[in-house]
Amino acid sequence: MPTSRRQFLAVSGAGVPVWLLGNGVAAAPIAGSRRPAPVSPPSYDDQAAATLALSPVASDAAIARRAVEVATKAGATYADARLVLSRRETVRVRDDRARPVSLRERYGLGIRAVADGGWGFVAIQTLSDRAVTEAATRAVAIARDNGKLRASLGQPPVELVPAPAAKGKWVTPHEIHPLDVAPVDKATMLREITAAIAKVPGVSFAEASMSAVAEDKLLVTSDGTEVHQILLRVDPSVSATAVDRRRGGFATRRQEAPAMLAGWEYLRDLGLRDEGTRIGEQAVQKLHAASVEPGRKTVVLAPSNLWLTIHESIGHPTELDRAMGLEADFAGTSFIKPDDAGKLRIGADIVNLVADRTQPGGLATVAWDDEGVAAQRWDIVRDGMLAGWQTTRDQAKWIGETSSRGCCYGQGHDGVPFQRMPNVSLQPGPEGYTTEDLINATEDGIYVTGRGSWSIDQQRYNFQFSGQTFWEIKRGRLVRPLRDVAYQANTVDFWNSCDMIGGEGTYRLGGTFSDGKGQPSQSNACSHGCPPARFVANVINTGGKDQ
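An account of the accompanying structure is given in this report. (Residues numbered from 1 in each chain as written. Predicted model: local features only at pLDDT ≥ 70, side-chain atom pairs only at ≥ 80, totals over all residues. Heavy atoms only, no water.)

Looking only at helices and strands, one finds 13 helices and 27 strands in the chain. At 24 Å, the chain has a C-alpha radius of gyration in line with the 24 Å of a compact globule built from 547 residues. Going through the 547 residues of the chain one by one, you find that 59% of them count as buried. Of all intrachain contacts in the chain linking residues separated by at least 6 positions in sequence, the fraction that spans at least 24 positions is 77%. Counting every atom, the chain has about 21000 Å² of accessible surface; 50% of that belongs to carbon and sulfur. Each charge class in the chain was averaged separately, 62 positive and 62 negative side chains, and the resulting centres sit 4 Å apart. (Helix = DSSP H or I, 4+ residues; strand = E, 2+ residues; numbered from the N terminus. Rg over C-alpha atoms; globule rule 2.2 N^0.38 Å. Buried < 20%, exposed > 50% of the residue type's maximum accessible area, 1.4 Å probe, protein only. Contact = heavy atoms within 4.5 Å. Areas by Shrake-Rupley, 256 points an atom, 1.4 Å probe, with all protein chains shown as cover. Lys, Arg positive; Asp, Glu negative; His and termini not counted. Charge placed at Lys NZ, Arg CZ, Asp CG, Glu CD.)

With respect to burial, strand β4 (residues 118–124) is a largely interior element, six of its seven residues being buried. Judged from the seven bridges that link them, strand β3 (residues 102–115) and β4 form a sheet pairing that is antiparallel. Bridged to Ile111 within β4 is Val122. Taking the residues that link successive antiparallel strands as the turn, the β3-β4 hairpin has two residues, and the phi of Asp116 there is positive, at about 50°. (Pairing = 2+ DSSP bridges.)

So, on to the sheet that holds strand β13 (residues 377–382). The strand order across the open sheet built from four strands is β14-β13-β12-β17, with neighbouring strands paired in antiparallel fashion. The open sheet terminates on both sides in strands that have one partner only, identified here as β14 (385–386) and β17 (423–426). As paired strands, strand β12 (residues 353–356) and β17 are joined by four bridges and run antiparallel to one another. For Val354, the partnering residue across the bridge sits in β17 and is Ser425. With respect to the sheet, helix α9 (residues 303–315) is in contact with β12, β13 and β17, its orientation differing from that of β17 by roughly 115°. (Axes fitted to C-alpha atoms, helices over the stretch in contact; angles between N-to-C directions.)

A few words on the packing of helix α6 (residues 183–198) against helix α8 (residues 272–287). The interhelical angle for the contact between α6 and α8, taken along N-to-C directions, is 30°, at an axis separation of 7 Å. In terms of their interaxial angle, α6 and α8 are classed as roughly parallel. In the packing of α6 onto α8, the handedness of the crossing is right-handed. Where α6 approaches α8, its residues Met189, Glu192, Ile193, Ala196 and Ile197 are matched on the opposing element by Leu272, Arg273, Gly276, Thr277 and Gly280. (Parallel < 35°, antiparallel > 145°, perpendicular 65-115°, else oblique. Left-handed = near helix turned anticlockwise from the far one by under 90°.)

Further remarks concern the nonpolar core. One finds Leu306, Ile310, Leu426, Phe494, Trp495 and Phe535 to be the most contacted residues of the largest nonpolar core, which totals 48 residues. Here the element with the most residues in this core is α9; it accounts for five residues. The contact partners of Leu306, leaving out residues within four places of it in the chain, are Leu301, Leu426, Phe494, Trp495, Cys530, Pro531, Ala533 and Phe535. Among the nonpolar cores identified, the runner-up in size contains 40 residues, and Leu179, Leu190, Tyr266 and Val284 belong to it. (Core = buried A, V, L, I, M, F, W, Y, C linked by side-chain atoms within 4.5 Å.)

A few words on the side chain of Asn305. Inspection of the secondary structure puts Asn305 in helix α9. At 2.8 Å, the side chain of Asn305 forms a polar contact with the backbone oxygen of Ser466. Setting aside its immediate chain neighbours within four residues, Asn305 contacts Val448, Thr449, Gly450, Ser466, Gly467 and Tyr487. (Polar contact = N/O pair within 3.5 Å; in protein donor to acceptor, adjacent residues only side chain to side chain.)

With that settled, consider unusual backbone geometry. Put simply, Gln519 and Pro520 share a cis peptide bond, and its omega is -5°. Looking at the secondary structure, you find Pro520 in the loop between β25 (508–517) and β26 (522–530). Residue Asp383 is not a glycine yet carries a positive backbone phi of 55°. Look at Asp383 and you get partly exposed, because its relative accessible area is 41%.

Taken together, the side chains of Met324, Leu326 and Trp398 define a hydrophobic patch exposed on the protein surface, amounting to about 290 Å² of accessible area. Looking at the secondary structure, you find Met324 in the loop between α10 (320–323) and β12. (Patch = residues over 30% accessible without salt bridge, like charges linked within 9 Å, V, L, I, M, F, W, Y side chains within 5 Å. Salt bridge = Lys/Arg side-chain N within 4 Å of Asp/Glu carboxyl O.)

This part is about the pattern of salt bridges. In the structure shown here, the tally under the stated rule is 33 salt bridges. Residue Asp349 pairs with Arg345 through a salt bridge whose shortest N-O separation is 3.0 Å. Its relative accessible area of 34% is what places Arg345 among the partly exposed residues. Here Asp499 and Arg534 are joined by a salt bridge, their closest N and O atoms 2.8 Å apart. Taken as a pair, Asp499 in the loop between α13 (491–496) and β24 (500–501) and Arg534 in strand β27 (residues 533–541) lie far apart in primary sequence, 35 residues in all.

Quick look at the state of the cysteines now. Considering all chains together, one arrives at zero disulfides under this definition. Considering cysteine sulfurs only, Cys408 is the nearest to Cys407, which forms no disulfide, with 9.1 Å between them. Note on Cys530: no disulfide assigned, nearest cysteine sulfur contributed by Cys498 at a separation of 11 Å. Taking the relative accessible area as the measure of exposure, Cys530 reaches 0% and is therefore buried. (Disulfide = S-S within 2.5 Å.)

If you want it as structure tokens, here you go:
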């Protein structure tokens, strides 16, 4: 007998918010304005205006202009300067005790230049006229040296595709700036969550944290661009650990609420206080669940699980620099070749994935990238075929395109801006399927939610992913919880096996604060939206105690 909505909610936990379940109910709207980033100088509300008025970065705009002027006079054919104030706060609680608050702040100027066909970059924190002049001059000298090196190696000179001059300001839509809320108030909220978890019999440890990042940046380029943006990102984390002291086993259940480009109101309205008990109960349930029988199986993946698979198997291999072999020393290259666009079948006909830097709430959403290119949306996979790449102004030239996709980003003022991942998302199916529909249509399989351990090879081809909770599916019903589950496949076989995708009402975002890339390593934040979807994969028994 198929699973009814009542049965589905009963076994999954009645009353659990949709961000936790990833079920067939449309996600509750996030409080506050959720406008996408504009492609022209935007209007902004009073809250955005107030946030901009308090920014110390705007008062230093002349410093950035001076850096570009000096670099251009020194012979740069292109130059840009980024003033960046980065602030990050993390408040943590373990059981009933608050941990020391972590607050980091950095401010400085990064200068890039193209001269004699090479790139140069210098970052400084001393913003005197002398320091800026010396740094801009040095950036041009480095560019010339790199141009000579490129020529000696037979490499083509750096060329940039055109980008229209941009002027404007943009602030993440928000009600309350997350760094305006006192750490003690955040810790109080977190202690209420862990207190609820601690009351559940069998739970031994409870942890909760809230991280907030404010990125205030002003970009000036020799092309006439001058844009000021303030980006706010917040990330909740809650976990409960159950211990079987007699047998020595343990299991941890982590909540599935995603990080978001938003203000404090997103964390305030998530309802985590009310879910502490549920998270603790699910940790105990996970501890005593049956171990999975391995084999080739159908897997129904909730958005809270599938987003990470999208990130690793689609997001990274469609970064053009990886396909060109430029990330071979760190986290690998790509199984996709630069000329595969329009030729390589990467998934079934129903699989459509888009890159989008305008998506409301997306962690990689901006108004302009770090080269002043307007945010945009484009196809990565269309009807199962590879359709496009993630590019910057110099990379677009490599594949004969006339404009950048706006994927340039540098972490802080001292991170060299280079190609970074936008929000990459699987599009809902037109049939309007719910999660229950996918389960009802499955004779023998496993329903997987949440992010767990994972591994993928250097070319982003062969992979293994786990999750947080697992339910056995028999004859269209969820019959019992499982544990020790991971699924294996290669990217092409996995996406070609996709035969059902949830509808628009099941779509939601997941995402990460810490997408690492580059040497020295930089961290980028990006989101991946998706509905639940059904695949065939090799399910293995990990035999571990904590997934």
